[in-house]
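# Structural characterization, general
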Amino acid sequence: MASLTGKTAFVTAAGQGIGRATALAFAAAGAQVIATDVDTAKLAGLESGQIRTAPLNVLDADAIKRAAEAAGTVDILFNCAGFVHQGTLLEATEDEWAFAFDLNCRSMFRTMQAFLPGMLKRGRGVILNMASVASSLKGVPNRFIYSATKAAVVGMTRSVATDYVVRGIRCNCLCPGTVQTPSLDERIEANASGAGSASAARAAFVARQPMGRLGTPEEIAGLAVYLAGDDARFITGQSIVIDGGLTL
Ligand code: NAD
């Protein structure tokens with residue numbers, strides 16, 4: 001595994017799922033980690049010599065500024081917070097659209113704007129943004145708003161990578177297929193009546209994956225560690241697909 005010894009990482013939505021697995025993997029690779037989440041109860045059990053936890057609602061612009069000031073300059077910013085809206089164009093509402101873009105995109109605009117100046121002063125830094133294959137990369141059924149937000153993440157990532165490539169900043173986004181996390185279980189429950197049962201709804205998610213299984217948060221975390229580390233120093237502006245073959 002790549003070494004992150006001597007580096008400091010800031011992670012949003014670290015309470016569960018991919019964010020939590022990544023906070024743990026960053027620490028296992030040697031980084032000092034600031035693990036944040038809006039739901040502080042979910043951060044329980046993460047604190048260690050290498051992981052400090054802190055509340056952060058990424059919908060709150062002032063809270064982001066305060067969190068960045070408290071964290072000081074970091075080497076790695078992992079924007080993991082996001083919400084999966086299910087539904088088609090004709091089912092989408094204005095409120096859902098606004099909420100999704102606030103949580104999945106505006107939050108990243110704000111965190112990147114808050115942390116980038118410190119990285120630029122030092123002439124180095126890595127930003128990782130959580131996108132998805134459901135974005136500009138692949139059409140996925142019932143993901144109208146979600147895909148729009150994650151395509152915007154792909155665009156923001158390339159833009160930031162382009163503007164700061166000569167100043168020591170790398171910015172990439174991760175594009176997972178379906179990953180077994182607590183919110184996936186909620187989506188399976190929500191789809192259970194339409195699919196006939198929860199197990200049929202789960203089977204439909206698995207059937208999309210040519211490898212015949214869902215991803216694990218730890219597999220996505222391993223990619224984040226690699227992209228955050230110096231072994232990935234020639235990679236920027238990319239949308240890295242990790243999807244069990246979903247986009248094949
Ligand atoms: P999850 O959805 O199970 O958990 C999300 C976490 O985000 C929770 O701990 C929650 O408390 C936190 N959160 C919610 N609102 C927040 C806010 N306003 N501020 C701070 N934290 C907040 O986790 P997951 O499924 O691993 O998803 C994490 C990211 O990965 C999301 O951006 C999601 O879109 C993306 N993603 C997930 C999958 C998947 O199949 N699970 C696939 C591709 C991309």
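In this text the structure is predicted, and so the values were computed from the model without any measurement. (Residues numbered from 1 in each chain as written. Predicted model: local features only at pLDDT ≥ 70, side-chain atom pairs only at ≥ 80, totals over all residues. Heavy atoms only, no water.)

### Re the pairing of strand β2 (residues 32-37)
Just so we agree on the cut-off: Buried, partly exposed and exposed residues are distinguished by accessible area as a fraction of the type maximum, computed with a 1.4 Å probe on protein chains only: under 20%, between the cut-offs, and over 50%, respectively. Here a strand is any run of E in DSSP of at least two residues, a helix any run of H or I of at least four, and the numbering for each starts at the N terminus. Only strands joined by at least two bridges in the DSSP assignment are considered to pair. When the strands point away from the viewer, a crossover counts as right-handed if the path from the first strand over the helix to the second runs clockwise.
Of all six residues in β2, five are buried; the element is thus mostly enclosed. Pairing of strand β1 (residues 8-11) with β2 involves four bridges; the strand directions are parallel. Bridge pairing in β2 places F10 opposite I34. Taking the sense of rotation as the criterion, the β-α-β connection linking β1, helix α1 (residues 17-28) and β2 turns out right-handed. Relative to strand β3 (residues 51-55), β2 runs parallel, the two being bridged by five bridges.

### Overview of the nonpolar core
Rule in force here: What we call a nonpolar core is a set of buried Ala, Val, Leu, Ile, Met, Phe, Trp, Tyr and Cys residues that are connected through their side-chain atoms within 4.5 Å. Two residues qualify as a contact provided that any one of their heavy atoms is within 4.5 Å of a heavy atom in the partner residue.
If you look at the biggest cluster of nonpolar residues, it comprises 35 residues, and the most contacted ones within it are L4, F26, V33, F78, L128 and L174. If you list the elements that add at least two residues to this core, you get β1, α1, β2, β4 (76-79), β5 (125-130) and α7 (217-228). The element that contributes the greatest number of residues to this core is α7, accounting for seven residues. For F26, the contacting residues outside a window of four places in its chain are L4, A9, V11, A31, V33, I76, F78, L128, A224, V225 and A228. Membership of the second largest hydrophobic core comes to 33 residues, among which are L56, I64, V154 and C171.

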